[in-house]
Amino acid sequence: MKLIEAKDYHEMSMLAAEVILDQIKEKNDSVLGLATGGTVLGTYQQLILDHQQNKTAYQHIKTFNLDEYAGLSRQDENSYHAYMKKHFFDEVNIPFSQTFLPNGEALDMKAECENYDQKMEELGGIDLQLLGIGQNGHIGFNEPGSSFESKTHLVALEQSTREANARYFDTIEDVPTHAVTMGIATIMKSKKVLLLASGLQKSSILYDLFHSDVTSSIPATILRDHPNTIIIADQEALSKLHQDERKMFAK
Ligand code: F6R
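Heads up: these notes are all about the structure in this document. Treat the numbers as computed from the prediction; the structure is a model and nothing was measured. (Residues numbered from 1 in each chain as written. Predicted model: local features only at pLDDT ≥ 70, side-chain atom pairs only at ≥ 80, totals over all residues. Heavy atoms only, no water.)

## Let's talk about the sheet that holds strand 6 (residues 128–131)
Rule in force here: For two strands to be treated as a pair, DSSP must find no fewer than two bridges joining them. For helices the rule is a DSSP run of H or I covering at least 4 residues; for strands it is a run of E covering at least 2, with both sets numbered from the N terminus onward. Whether two residues are in contact is decided by their heavy atoms, any of which lying within 4.5 Å being enough. Where helices are involved, their axes are fitted lines through C-alpha atoms of the stretch in contact, as for all axes, and angles between N-to-C directions lie from 0 to 180°.
The strand order 1-10-9-6-2-3-5 describes an open sheet built from seven strands, whose pairing is parallel. A single partner strand is all that each edge strand has here, and the edge strands are strand 1 (2–6) and strand 5 (99–100). Here helix 7 (residues 203–211) sits on the sheet in contact with strand 1, strand 9 (192–197) and strand 10 (229–234), set at roughly 150° to strand 10.

## Observations concerning the packing of aromatic side chains
Where we set the bar: Here a pair means two rings of Phe, Tyr or Trp (six-membered ring of Trp) with centres within 6.5 Å. Their orientation is stacked below 30 degrees between planes, edge-to-face above 60, and tilted elsewhere. Each residue is assigned to one of three classes by its accessible area relative to the maximum for its type, calculated with a 1.4 Å probe on protein chains only: buried under 20%, partly exposed between the two thresholds, exposed over 50%.
Enumeration over the complete set of coordinates arrives at 11 aromatic pairs. With a centroid separation of 4.8 Å and an interplanar angle of 15°, the aromatic rings of F64 and F100 are classed as stacked. Here the residue F64 occupies a position in strand 3 (residues 62–65), and F100 occupies one in strand 5, the gap between them amounting to 36 residues. For the residue pair F64 and F100, the accessibility class agrees, reading buried in each case. Between Y69 and Y80 the ring centres are 4.8 Å apart and the planes differ by 45°, which places this aromatic pair in the tilted class. One end of the pair, Y69, is in strand 4 (residues 67–69); the other, Y80, is in helix 3 (residues 80–87), and 11 residues separate them in sequence. Y80 carries the same exposure label as Y69, and that label is buried. Site record: aromatic cluster; members linked through ring pairs are Y44, Y58, Y83, F88 and F89.

In structure tokens:
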């Protein structure tokens, strides 16, 4: 895991967008793994700005999102389909047919999950996977205790995750109890991983990410075993790590 320290959220977003743009420059038909949530929003804004200014082309890019709430329709404003459309897809020239998210309303969820993993393989696998991190160490919606062998699957969300995400809903009762998520094995197959973290609320989990052994009770620790993981975190998120440690992890 290589650490890149950013001053603040804005700088983190700019640095993350640079990593993604380098990937697109290197391979204009890259398969990108995408995330939703507050952390990655600024990165999408930077990519949109770049698209407007430099005309970076997305017509050959394919995207797979990490996850989607179970039981929400694509049109629901809280669905990750709607998030991606609003915050990214509608603003760059990516054909809609090349953007994939799990269908949270699939009647046969097992088949939906298998098809999702198969589609990824068919398109050559994910070149670069963008990730946020939950305060409990989840990546995607792989909550503590998730198997490292898991592929795309249906999960029950932890109460703490529902509470963290309740800010987008009218009441906590409206937050879905389940989601479909890429599994940890799916994420680990990506050729490169880019994990972002910002803010004091992520400082404890970032400390654990760098100090704990690889353990399924902190799912993100598996990234230590990935050969090509970059972590971009801002000073608040890194505030529990000593300066010397930050230097050491930056190498
Ligand atoms: C979102 C996702 C989640 C978030 C994580 C952090 O697609 O898979 O793992 O990345 O919950 O969310 P924020 O960025 O809102 O703190």
